[in-house]
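Coordinates in review
Here is how the chains run, residue by residue.
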Amino acid sequence: AIHAVIDASTVMVVFSATVVHRFSPFQIALMIGSYDFLAFAGQALIGFGVDKLRLYKSTILLGIALTALSVVLMLSHPFTAMVVAALGNALFHVGAGAISLNTTPGRATDPGIFVAPGALGLGLGLWLGKSGNTLLWPFLLALALSFVIAVKSSLPVMEFSSKPKLPSIRGAKAVLLLLLVSVGIRAFVGFAGTYESPKIPMISFGLAFAAFAGKALGGILSDQLGWIRTSVGALLISAPFIAFGGSNGSIVMVGMFFFQMTMPVTLTAVHALMPARPGLAFGLCSLSLIVGSFVSFYDPWVIYYTSYTLLGLILLSALSILVALNGLKEGIPMKFAMATN
């Protein structure tokens, strides 16, 4: 729930600032691009540092506090508010993401439940932000409540080795790369696949809910049915809906629901490769997300948003996950290996 509040608040700050302060198209692009880069690419660096210090709860609290500060600064100092919002978002994601990976290590359910509400927060933040929202007290109240809840929450038991490293499995770096490629493809297709959908609130919120439901149920079903069977199967089911859905928002929503089901598995699988570095594992996945998203920001790429391009990318993602998860079975703890069937 706090994840939804953080994403709604930070996205609202960035987009509302561009409307309220009447930014030029160049300033808007600079504002949004800078926010995305700092908030997502910054998570890898923050994750590396937080794992060293092992201050996950403090990182969460600092993230919530900075997010609240960004809301306060939005009307008077928009660019400063953007930077503060990006840092707050990144800090919260790394700290809370690392904890979600350790509540039930080796299981994709909890990371999926943690990440899923972010889609709802993103949808709400975009809607309010693009309308130039200046009603700030509800966000500050929600963030204050979030801070209190976070203070009173206890951490799960987190195991650390003295010298964390990739497990001695054949091609561990290749497995990691394949997983991150799949994450990057998910970011690109998530934008390109909805490009033709009508830009109306009903469709936008429908897509946000589809992403929320897919991520939440993806982890649960993967742990019950097996990571490979669920992830590869979900991608194959999603392919025709996304690739050939075109401007039919309802069809694309169905595709996005299945497409997003892979998220908890890729995140937990990356963590399986670096169990003593949960913050870095979460950060690397976020870095891959922004790499895939930045490709979609380049307007001339629109000509490549064809049915067969989308179909090929989804199939490539399925192949990447299939090869990676099969490679992951070797040399990892049984608690991870049991889930990858």
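This section reports on the structure supplied with the text.

**Observations regarding the overall build of the chain**
Scanning the chain from terminus to terminus reveals 15 helices and 0 strands. Computed over C-alpha atoms, the radius of gyration of the chain comes to 19 Å, within 12% of the 20 Å expected from 2.2 N^0.38 for 341 residues, which places it in the range of a compact globule. On the principal axes, the C-alpha backbone points of the chain span a range of 55 × 45 × 30 Å. Relative to its 341 residues, the chain shows a buried fraction of 55%. A fraction of 85% describes how many contacts in the chain between residues 6 or more apart in sequence connect residues 24 or more apart. Mean positive and mean negative side-chain charge positions of the chain (18 and 9 charges, respectively) differ by 7 Å.

**A closer look at a nonpolar patch on the surface**
Taken together, Ile113, Leu217, Ile220, Leu221 and Leu225 make up a surface patch of nonpolar side chains, about 390 Å² in accessible area. Residue contributions to the nonpolar patch peak at 4 residues, all from helix 9 (residues 201-225). Within the secondary structure layout, leucine 217 lies in helix 9.

**Comments concerning the environment of phenylalanine 297**
Within the fold, phenylalanine 297 resides in the loop between helix 13 (278-296) and helix 14 (307-328). Along the sequence, phenylalanine 297 and phenylalanine 48 sit 249 residues apart, while their C-alpha atoms lie 27 Å from each other.

**Here's the deal with helix 13**
Spacing of three or four residues puts side chains on the same side of an α-helix, whose turn is 3.6 residues. When the terminal C-alpha atoms of helix 13 are compared, their 28 Å separation across 19 residues agrees well with the 27 Å that a helix rising 1.5 Å per residue should span. Burial analysis of helix 13 places 14 of its 19 residues in the buried class, the great majority of the element.

**Some points on the nonpolar core**
Membership of the largest hydrophobic core comes to 92 residues, with the highest contact counts inside it found for Tyr35, Ile64, Phe92, Leu179, Val189, Leu325 and Leu328. For this core, the element with the most residues is helix 4 (residues 78-103), which contributes 13 residues. Discounting residues that sit within four places of it in the chain, phenylalanine 92 has contacts with Ile2, His3, Ile6, Thr59, Ile60, Gly63, Ile64, Gly97 and Phe114.

**Remarks on the packing of aromatic side chains**
Within the structure shown, the criterion is met by 11 aromatic pairs. Here a set of aromatic residues connected by ring pairs shows up, and it is made of Phe188, Phe191, Tyr195 and Tyr305. Lysine 199 extends its terminal NZ or CZ atom over the ring of tyrosine 195, reaching a point 5.6 Å from the ring centre.

**Some thoughts on the environment of glycine 214**
For glycine 214, the location among the structural elements is in helix 9. Note on glycine 214: relative accessible area 0%, which makes it buried. With 111 residues separating them in the primary sequence, glycine 214 and threonine 103 have C-alpha atoms 21 Å apart. Once residues within four sequence positions are removed from consideration, glycine 214 is found in contact with Phe257, Gln260 and Met261.

**Comments concerning helix 6 (residues 117-130)**
For helix 6, which comprises 14 residues, the first-to-last C-alpha distance of 20 Å matches the rise-based estimate of 20 Å (1.5 Å per residue) to within 8%. Looking at helix 6, one finds that the buried residues are Pro117, Gly118, Ala119, Gly121, Gly123, Gly125, Leu128 and Gly129. Against helix 1 (2-20), helix 5 (109-115), helix 7 (137-152) and helix 9 lie the buried residues of helix 6. Note on helix 6: the residue one or two positions beyond its end, glycine 132, has a positive phi of about 75°.

**Here we look at the packing of helix 9 against helix 10 (residues 227-245)**
Contact pair helix 9 / helix 10: the axes reach a minimum separation of 6 Å and the direction vectors enclose 130°. Taken together, helix 9 and helix 10 sit at an angle that is classed as oblique. Between helix 9 and helix 10, the contacting residues are Gly218, Leu221, Ser222, Asp223 and Leu225 on the first element and Trp227, Arg229, Thr230 and Ser231 on the second. Classifying every residue of the contact of helix 9 with helix 10 by side-chain character gives 3 nonpolar, 4 polar and 2 charged.

**Topic: the pattern of salt bridges**
All told, the structure shown has 1 salt bridge when counted by the stated rule. A salt bridge links aspartate 223 to arginine 107; its shortest N-O distance comes to 3.8 Å. One end of the pair, aspartate 223, is in helix 9; the other, arginine 107, is in the loop between helix 4 and helix 5, and 116 residues separate them in sequence.

**A few points about the packing of helix 8 (residues 172-192) against helix 13**
Running from amino to carboxyl end, helix 8 crosses helix 13 at an angle of 40°, the nearest separation of the two axes being 7 Å. By the angle between their axes, helix 8 is oblique relative to helix 13. The interaxial crossing formed by helix 8 with helix 13 has right-handed handedness. Every residue of helix 13 that contacts helix 8 at Leu180, Val183, Gly184, Arg186, Ala187, Phe188 and Phe191 is listed here: Leu284, Cys285, Ser288, Leu289, Gly292, Ser293, Val295 and Ser296. Its residues placed into classes, the contact of helix 8 with helix 13 shows 9 nonpolar, 5 polar and 1 charged.

Calculation criteria
- Residues numbered from 1 in each chain as written.
- Predicted model: local features only at pLDDT ≥ 70, side-chain atom pairs only at ≥ 80, totals over all residues.
- Heavy atoms only, no water.
- Helix = DSSP H or I, 4+ residues; strand = E, 2+ residues; numbered from the N terminus.
- Rg over C-alpha atoms; globule rule 2.2 N^0.38 Å.
- Buried < 20%, exposed > 50% of the residue type's maximum accessible area, 1.4 Å probe, protein only.
- Contact = heavy atoms within 4.5 Å.
- Lys, Arg positive; Asp, Glu negative; His and termini not counted.
- Charge placed at Lys NZ, Arg CZ, Asp CG, Glu CD.
- Patch = residues over 30% accessible without salt bridge, like charges linked within 9 Å, V, L, I, M, F, W, Y side chains within 5 Å.
- Areas by Shrake-Rupley, 256 points an atom, 1.4 Å probe, with all protein chains shown as cover.
- Salt bridge = Lys/Arg side-chain N within 4 Å of Asp/Glu carboxyl O.
- Expected span 1.5 Å × (residues − 1).
- Core = buried A, V, L, I, M, F, W, Y, C linked by side-chain atoms within 4.5 Å.
- Phe/Tyr/Trp six-rings, centres within 6.5 Å; stacked < 30°, edge-to-face > 60°.
- Lys NZ or Arg CZ within 6 Å of the ring centre and 35° of its normal.
- Axes fitted to C-alpha atoms, helices over the stretch in contact; angles between N-to-C directions.
- Parallel < 35°, antiparallel > 145°, perpendicular 65-115°, else oblique.
- Nonpolar A, V, L, I, M, F, W, Y, C, P; charged D, E, K, R; others polar.
- Left-handed = near helix turned anticlockwise from the far one by under 90°.

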